[in-house]
Amino acid sequence: MKSQRILTVFKMEMKKLIRTPMYLFFSLFFVAMLVIILGFSLGNLHGWGPDAYGNPRSIFEHMVPGLFAYAGIMTIFTFASAITADRDHGVQRRMKTTPITSGEVIIGQMLSYTIIPIIQTAIILVTSLLMGFRPNISVLGILMIFVFMIFLSFCSVGLGLITATVAKDARAAGSLAFIFIVPQQLFGSFIYMGEATKVIGYFMPSQYVTEAIYRISYGPNLTDVFIWIDLLMIVVISAVIYVIGVKLYDR
Amino acid sequence: MNLLEDVSKEDINSGAGIDSSNSIEVKDLKKHFKGKKSFDDVKAVDGISFSVKKGELFGLLGPNGAGKTTTINMLCGLLKPTEGSAIVGGYDINENLGKVKGLISVCPQEAAVFPFLSGRENIEYFGNLHLMKKERINKRADELLNLLGLFDASKRKAKGYSGGMLRQLNLIVALINEPNILFLDEPTVGMDARVRRKTWEFIGSIKDQNKTIILTTHYIEEAEALCDRVGIVDFGKLVALDTPKNLMQKHDAKNLEEVFLKITGRRILEGI
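Since the model is a prediction, treat every value here as computed from it, not as a measurement.

Draft legend 1. Layout of the overall build of chain B. In terms of regular secondary structure, chain B is built from 10 helices and 10 strands. By the compact-globule yardstick of 19 Å for 272 residues, chain B fits well, its C-alpha radius of gyration being 19 Å. Burial analysis of chain B (272 residues in total) assigns 48% to the buried set. Within chain B, contacts between residues separated by at least 24 positions form 69% of all contacts whose residues are at least 6 apart in sequence.

So this is what it looks like as structure tokens:
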């Protein structure tokens with residue numbers, strides 16, 4: 001393992017995100033825009049009643065935890081498109097003729113997909129606070145949101161790898177990614193689908209993040225055992241999906 | 001008459017035997033791709049053997065789908081051979097691929113660069129993958145960019161480059177690590193005649209630095225002008241191997257293209 005190579009991959013991944021307008025928009029600004037739109041339209045409506053702890057909340061505030069998760073889910077689209085584009089350009093094959101190991105590539109990518117959700121989370125947090133999100137949250141709670149978002153990002157990278165395995169090119173990968181995005185969007189993010197569909201949500205990685213951010217934001221403190229169960233679930237799911245993604249893509 | 005045997009006996013003069021003066025030694029290398037049904041199976045490379053001396057510029061010629069790129073892909077570690085072995089730079093590709101990758105560089109058929117990085121950033125990226133020092137990368141990048149006339153465009157993103165410029169950048173990226181063994185897979189495809197000639201001169205100058213080069217090309221005149229020896233591959237087999245001059249003499253041909261057509265055309269006509 002050579003840090004020079006890992007750092008090189010990390011820097012390249014960050015430049016890819018910053019310099020490709022589509023990736024930049026979907027990674028960082030799309031959900032922020034959604035937050036602004038929903039904040040304006042639903043910030044004063046209280047039709048969903050109080051939160052689970054009895055405090056009055058607007059519909060927008062009910063949605064905010066799911067919007068964080070939605071931003072994480074969009075990483076499937078950007079990562080699958082980006083990695084397939086690299087494959088289309090032949091750079092991945094070229095890299096395989098250099099001394100870099102797949103372990104170094106993976107760590108470099110994981111580093112960048114640790115930084116990206118941190119920026120994502122910061123942008124959504126600030127935007128939603130400006131739009132009327134009023135959580136009962138400590139600094140430690142905010143840090144926990146970042147942790148959940150980082151693990152969701154790894155999970156999305158794994159799903160992106162699986163998408164890239166079956167996609168013929170970058171355009172196809174962008175479309176195929178929605179096979180993983182839409183169910184998570186419907187059953188595990190900001191859209192309220194009713195109690196009957198709640199059980200489906202537990203098959204969605206994003207549901208654990210949405211639920212945990214909800215508890216962190218509106219619950220009394222971090223001693224809520226369900227937050228830690230959600231953390232365990234997302235860590236396990238991310239690890240499994242990531243490993244499956246890497247194995248499938250390597251083949 | 002078994003034409004294949006006949007061609008092999010007449011035309012394959014492997015030159016050097018397997019000894020320490022060789023950079024590459026390929027022995028009975030095979031790559032078979034399994035299809036869904038048995039009739040879909042493809043013998044892309046079917047028992048190729050040859051050796052390349054240190055400092056030699058060796059050309060691999062052949063019609064489309066003959067097995068040239070598959071052979072190169074096995075030698076640089078992109079494909080695992082089905083059978084056979086190859087020693088590249090003293091290391092077995094089946095056992096010490098990591099060491100092999102430290103000695104070689106590949107200029108692939110397609111311009112394999114990141115479009116969102118500038119020309120210079122692409123060069124730096126691949127230099128870093130070879131763990132080169134920053135100062136060395138910069139010095140070498142300046143040299144190569146100047147030599148190929150790409151210096152002024154080097155700060156522009158690669159996605160804005162013309163096809164010819166991308167091919168040149170592709171070549172520069174392959175040379176950044178000063179490899180001992182260089183694989184050039186159709187390096188001048190898409191270049192205009194002027195740039196192609198310039199690139200030929202450049203490839204010749206690399207050879208003068210005692211680097212071993214394996215070149216595949218569709219431009220027969222390119223192989224004739226540059227290569228010390230050429231191997232002609234067809235249907236996954238090596239059907240001729242000698243210096244361009246000797247091959248022309250043997251086949252009573254005016255140029256290498258005539259030799260190429262005589263060998264590969266004859267085999268097509270006779271359905272081998």
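Moving on from the coordinates now.
Draft legend 2. Up close: the sheet that holds strand β9 (residues 229-234) of chain B. Residue and element names in this part refer to chain B. As summarised here, the arrangement of the 6 strands in space is β6-β7-β8-β3-β9-β10, forming an open sheet in which the pairing is mixed. The open sheet has two free edges, formed respectively by β6 (104-107) and β10 (237-242), since each of these has just one partner strand. Taking each pair of neighbouring strands and ignoring which way they run, the sheet shows an average axis angle of 15 degrees. As paired strands, strand β3 (residues 57-61) and β9 are joined by 4 bridges and run parallel to one another. Each residue of the ladder has a partner; that of L60, found in β9, is G231. Here helix α7 (residues 193-208) sits on the sheet and contacts β3, β7 (181-185) and β8 (212-216); the angle it forms with β8, its principal contact strand, is near 150 degrees.

Draft legend 3. Expanded view of unusual backbone geometry. The backbone of L131 of chain B shows a phi angle near 60 degrees, a positive value even though the residue is not glycine. By the secondary structure assignment, L131 of chain B is in the loop between α4 (119-129) and α5 (134-147).

Draft legend 4. Structural detail: the sheet that holds strand β1 (residues 22-33) of chain B. Residue and element names in this part refer to chain B. Pairing is antiparallel in the open sheet, where 4 strands are placed in the order β2-β1-β4-β5. Looking at which strands have only one partner, the edges of the open sheet turn out to be β2 (42-53) and β5 (91-92). Bridge analysis of strand β4 (residues 83-88) against β5 gives 2 bridges, and the strand direction is antiparallel. Looking across to β5, one finds that I87 is bridged to D92. Relative to β1, helix α2 (residues 68-75) is tilted by about 115 degrees, and along the sheet it contacts β1, β2 and β4.

Draft legend 5. Region of the structure containing the interface of chain A and chain B. Residue-level contacts link 20 residues of chain A with 22 residues of chain B. When residues in the side of chain A that touches chain B are grouped by element, the largest group, 7 residues, is from helix α1 (residues 3-19) of chain A. Looking at side-chain class alone, the side of chain A that touches chain B contains 5 nonpolar, 7 polar and 8 charged residues.

Draft legend 6. Structural context of the packing of α1 of chain A against α4 of chain B. Two elements in contact, α1 of chain A and α4 of chain B, have axes whose closest approach is 8 Å; the angle formed by their N-to-C orientations is 150 degrees. With respect to α4 of chain B, the axis of α1 of chain A lies roughly antiparallel. As for the relative orientation of α1 of chain A and α4 of chain B, their crossing is left-handed in sense. Contacts between α1 of chain A and α4 of chain B pair Q4, R5, T8 and M12 of chain A from the former with Y125, N128 and L129 of chain B from the latter.

Draft legend 7. Quick look at the pairing of β9 of chain B. Residues and elements named next belong to chain B. Of all 6 residues in β9, 6 are buried, a share of seventy percent or more. Side chains R229, G231 and V233 project from β9 onto one buried face, and the interleaved V230, I232 and D234 project onto a second face that is buried too. Relative to β10, β9 is paired through 5 bridges, and the arrangement is antiparallel. Across the sheet, residue D234 finds its bridge partner in β10, namely K237. In textbook terms, the turn of a hairpin is the stretch between consecutive antiparallel strands, and for β9 and β10 this stretch comprises 2 residues, one of which, F235, has a positive phi near 50 degrees.

Draft legend 8. Inspection of the confidence of the model for chain B at higher detail. All names here are of chain B. Here chain B averages 87 in pLDDT, while 90% of its residues score no lower than 70. Mean pLDDT across the secondary structure elements of chain B bottoms out at helix α1 (residues 3-11), with 45, and peaks at α4, with 97. Considering only residues more than four positions removed or in separate chains, one finds that residues 14-18, a stretch of pLDDT under 50, has 10 contacts. The ipTM assigned to the predicted complex is 0.86, against a pTM of 0.86.

Draft legend 9. Focus on helix α11 (residues 225-250) of chain A. Residue and element names in this part refer to chain A. End to end, α11 covers 38 Å across 26 residues, agreeing with the expected 38 Å (1.5 Å per residue, within 8%). Those residues of α11 that sit buried are I227, D230, I234, I237, S238, I241, Y242 and G245. Residues of α11 that are buried in the fold lie against α6 (139-166) and α10 (205-218).

Draft legend 10. Spotlight on the confidence of the model for chain A. When pLDDT is averaged along chain A, the result is 93; 100% of the residues meet or exceed 70. The secondary-structure element of chain A with the lowest mean pLDDT is helix α9 (residues 198-201) of chain A, recorded at 86, while α10 of chain A shows the highest, at 96.

Draft legend 11. Geometry of the nonpolar core. Of all hydrophobic cores here, the largest spans 83 residues; its most connected members are L75, A86, V88, V113, L169, I172 and F183 of chain B. The greatest single-element share of this core, amounting to 8 residues, is contributed by helix α6 (residues 163-175) of chain B. Those residues in contact with A86 of chain B that lie beyond four places of it in its chain are I24, E25, V26, K27, L29, M74, L75 and I93 of chain B. Of all hydrophobic cores here, the second largest spans 60 residues; its members include Y23, A82, F133 and I213 of chain A.

Cut-off values and rules
- Residues numbered from 1 in each chain as written.
- Chains lettered and ligands numbered in written order.
- Predicted model: local features only at pLDDT ≥ 70, side-chain atom pairs only at ≥ 80, totals over all residues.
- Helix = DSSP H or I, 4+ residues; strand = E, 2+ residues; numbered from the N terminus.
- Rg over C-alpha atoms; globule rule 2.2 N^0.38 Å.
- Buried ≥ 20, exposed ≤ 12 C-beta atoms within 10 Å, placed from the backbone.
- Contact = placed C-beta atoms within 7 Å.
- Pairing = 2+ DSSP bridges.
- Axes fitted to C-alpha atoms, helices over the stretch in contact; angles between N-to-C directions.
- Nonpolar A, V, L, I, M, F, W, Y, C, P; charged D, E, K, R; others polar.
- Parallel < 35°, antiparallel > 145°, perpendicular 65-115°, else oblique.
- Left-handed = near helix turned anticlockwise from the far one by under 90°.
- pLDDT = per-residue confidence, 0-100.
- Expected span 1.5 Å × (residues − 1).
- Core = buried A, V, L, I, M, F, W, Y, C linked by C-beta atoms within 7 Å.

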